[in-house]
Amino acid sequence: MPANSTLKVDRLAALEDPAVKRIGIGDPKTVPAGHYAELDLEQAKVWDALKDKLVPLDNVRTVLSATASLNVDAGVVYRTDAATEKRVRVAWTAQAADGPAIHYPLAILKNTRAPVAAAKVRAFLLSDAAGAVFVKYGFTLPPRSAAPTP
């Protein structure tokens, strides 16, 4: 929600309020966050009621920008992206148990021209130091047993 919005969203059905005319969302056909949003809205049984208000956009950052600049009344983005923008506030958070797990894969290409540098980057991203940065910015780390092996 824009930071100055007075709308209280304690459940997704609150977006049915007539004051909410446009809701930014990543295009569910091409943007993972949009697909997750569609799943959440369907599960909450509000997809049909809201679909005429939805404004499908290219990516999460565009949704965030549209929300911050008041071009939409609400936007569906990742919490970690919302935390980077002072002109928005998190009004509602999907529960992790209610939706699909979101993963950011890490891979070193077999034919990389810089295998040593790639291995160093991989080692850093899997380090405790990098993990602390991810957690600081709202990400949840996978269990150590789920971390990829070289």
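Residues numbered from 1 in each chain as written. Predicted model: local features only at pLDDT ≥ 70, side-chain atom pairs only at ≥ 80, totals over all residues. Heavy atoms only, no water.

(A) Region of interest: the pattern of salt bridges. Scanning the model with the defined rule gives three salt bridges in all. Between Asp-48 and Lys-51 there is a salt bridge, with its nearest N and O atoms 3.6 Å apart. The exposure class of Lys-51 is partly exposed, given its relative accessible area of 44%. Where Asp-81 meets Arg-61, a salt bridge forms, and the shortest distance between an N and an O atom there is 3.3 Å. Of this pair, Asp-81 sits in helix α4 (residues 79-82) while Arg-61 is found in helix α3 (residues 60-68), placing the two residues 20 residues apart along the sequence. Accessibility expressed as a relative area gives 14% for Asp-81, which makes it buried. (Salt bridge = Lys/Arg side-chain N within 4 Å of Asp/Glu carboxyl O. Buried < 20%, exposed > 50% of the residue type's maximum accessible area, 1.4 Å probe, protein only. Helix = DSSP H or I, 4+ residues; strand = E, 2+ residues; numbered from the N terminus.)

(B) Examining the nonpolar core more closely. Grouped together as the largest cluster of nonpolar side chains are 16 residues, with contacts concentrated most on Val-9, Leu-15, Ile-23, Ile-25, Leu-41, Leu-50 and Leu-54. If near-sequence neighbours (up to four positions away) are discounted, Ile-23 is found in contact with Leu-15, Leu-50, Lys-53, Leu-54, Val-55, Val-72, Ala-74 and Val-76. (Core = buried A, V, L, I, M, F, W, Y, C linked by side-chain atoms within 4.5 Å. Contact = heavy atoms within 4.5 Å.)

(C) Seen up close, the sheet that holds strand β3 (residues 74-75). Read from one edge to the other, the open sheet built from three strands follows the order β2-β1-β3, with strand pairing classed as parallel. In this open sheet, the two edge strands, each paired with only one partner strand, are β2 (54-57) and β3. As paired strands, strand β1 (residues 23-26) and β2 are joined by four bridges and run parallel to one another. Residue pairing for β2: Gly-26 is matched across the bridge by Leu-57. The sheet contacts of helix α1 (residues 32-43) involve β1 and β2, and relative to β1 the element is tilted by about 120°. (Pairing = 2+ DSSP bridges. Axes fitted to C-alpha atoms, helices over the stretch in contact; angles between N-to-C directions.)

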